[in-house]
Amino acid sequence: NHKKQNFNWDEFDAFLQNGNYMNSDGNLAGATISMADAVKNAKNWLEIDINNAIRMATHTPAKVINEAIGNIEVGAKAKFCSFSNTLDDFSYIEY
């Protein structure tokens, strides 16, 4: 179910081991859940309203890394998501 078995970013490395991403030092190195699951967990477990949960998963990280993603605006990359009321069924449209 995990798309990436390993990845590197500058001096950072991670590889999938027993369902967790670990780095070469043996430390936990990343999450193995999808962004859709992260939104669902924020809504269901933390009782964050859906608009804020989606903003936390899209706009906030994009702003932190200074990327023109996570917003609907002219010139921004677009990957739209639709989902059911229960957040169980997701589909994507990429432009």
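Remember, predicted model here, so these are calculated numbers, not experimental data.

Student: Explain the pairing of strand β2 (residues 12-17) to me, and be specific about the residues and the numbers.
Tutor: Relative to β2, strand β1 (residues 6-9) runs antiparallel, the two being bridged by four bridges. Bridged to Phe 7 within β2 is Ala 14. Remark: two residues form the turn of the hairpin made by β1 and β2, two consecutive strands paired antiparallel; Asp 10 in that turn has positive phi of roughly 50°. Here β2 folds back onto strand β3 (residues 20-22) in antiparallel fashion, the turn holding two residues, of which Asn 18 has a positive phi close to 55°.

Student: So what about the sheet that holds β3? Which residues, and what values?
Tutor: The pairing of strands in a sheet happens through backbone hydrogen bonds and is either parallel or antiparallel. Here we have four strands laid out as an open sheet, ordered β1-β2-β3-β4, and antiparallel in their pairing. For this open sheet the edge positions go to β1 and β4 (28-30), each flanked by a neighbour on one side alone. In this sheet, adjacent strand axes meet at a mean angle of 40° when their direction is disregarded. Where β3 lies against β4, two bridges are found, and the strand directions are antiparallel. Residue Tyr 21 lies in a different strand from β4, and its bridge partner there is Gly 30.

Student: Pulling in residues and values, what's your account of helix α1 (residues 35-45)?
Tutor: Residues three or four positions apart in an α-helix share a direction because the helix packs 3.6 residues into each turn. Burial in α1 covers these residues: Ala 36, Val 39 and Ala 42. In a view along the axis of α1, the buried residues occupy a sector of 130°, so they form one face of it.

Student: Which residues make up the side chain of Asn 23, and what are the values?
Tutor: Its place among the elements puts Asn 23 in the loop between β3 and β4. Of note is the side chain of Asn 23, whose polar atom sits 2.9 Å from the backbone nitrogen of Asp 25. Those residues in contact with Asn 23 that lie beyond four places of it in its chain are Asp 13, Ala 14, Phe 15 and Ala 29.

Student: How would you sum up the pattern of salt bridges? Please name residues and give values.
Tutor: Enumeration over the complete set of coordinates arrives at one salt bridge. One salt bridge in this structure joins Asp 88 and Lys 40, with 2.2 Å as the shortest N-O distance. In this pair, Asp 88 is assigned in the loop between β5 (79-83) and β6 (90-94) and Lys 40 in helix α1, connecting sequence segments 48 residues apart.

Student: So, the packing of aromatic side chains: which residues are in play, and what are the values?
Tutor: Under the defined criterion, the tally for this structure stands at two aromatic pairs. Summarising the aromatic geometry, the rings of Phe 7 and Phe 12 are spaced 6.1 Å apart at their centres and angled 40° between planes, so their arrangement reads as tilted. Judged by its relative accessible area of 27%, Phe 7 is partly exposed. Among the aromatic side chains, those forming a connected cluster through ring pairs are Phe 7, Phe 12 and Tyr 21.

The rules we used
Sequence order as written defines residue numbering, which begins from 1 separately in each chain. Per-residue local features of the predicted model are confined to residues with pLDDT of at least 70, and side-chain atom pairs are confined, for both listing and counting, to 80 or more; whole-chain, interface and lining totals are unaffected and use all residues. Calculated side-chain values reflect all of the structure's heavy atoms, with hydrogen atoms and water omitted. Two strands are counted as paired when DSSP detects at least two bridges linking them. For helices the rule is a DSSP run of H or I covering at least 4 residues; for strands it is a run of E covering at least 2, with both sets numbered from the N terminus onward. To get an axis, fit a line to the C-alpha atoms, keeping to the stretch in contact for a helix; angles then go from 0 to 180 degrees between the N-to-C directions. Exposed residues in this analysis have more than 50% of their type's maximum accessible area, buried residues have under 20%, and partly exposed residues fall in between, with area computed by a 1.4 Å probe over protein chains only. Of all possible arcs, the one meant is that of the directions from the helix axis to the C-beta atoms. The term polar contact refers here to a pair of N or O atoms within 3.5 Å; inside protein, the definition further demands a hydrogen-donor-capable atom paired with an acceptor-capable atom, and it admits residues adjacent in sequence only when both atoms are side-chain atoms. Contacts: residue pairs with any heavy atoms within 4.5 Å of one another. Salt-bridge detection follows one rule: a side-chain nitrogen of Lys or Arg within 4 Å of a carboxyl oxygen of Asp or Glu. Pairing of aromatic rings covers Phe, Tyr and Trp, the last through its six-membered ring, and needs centres within 6.5 Å; plane angles under 30 degrees mean stacked, over 60 mean edge-to-face, and all others mean tilted.

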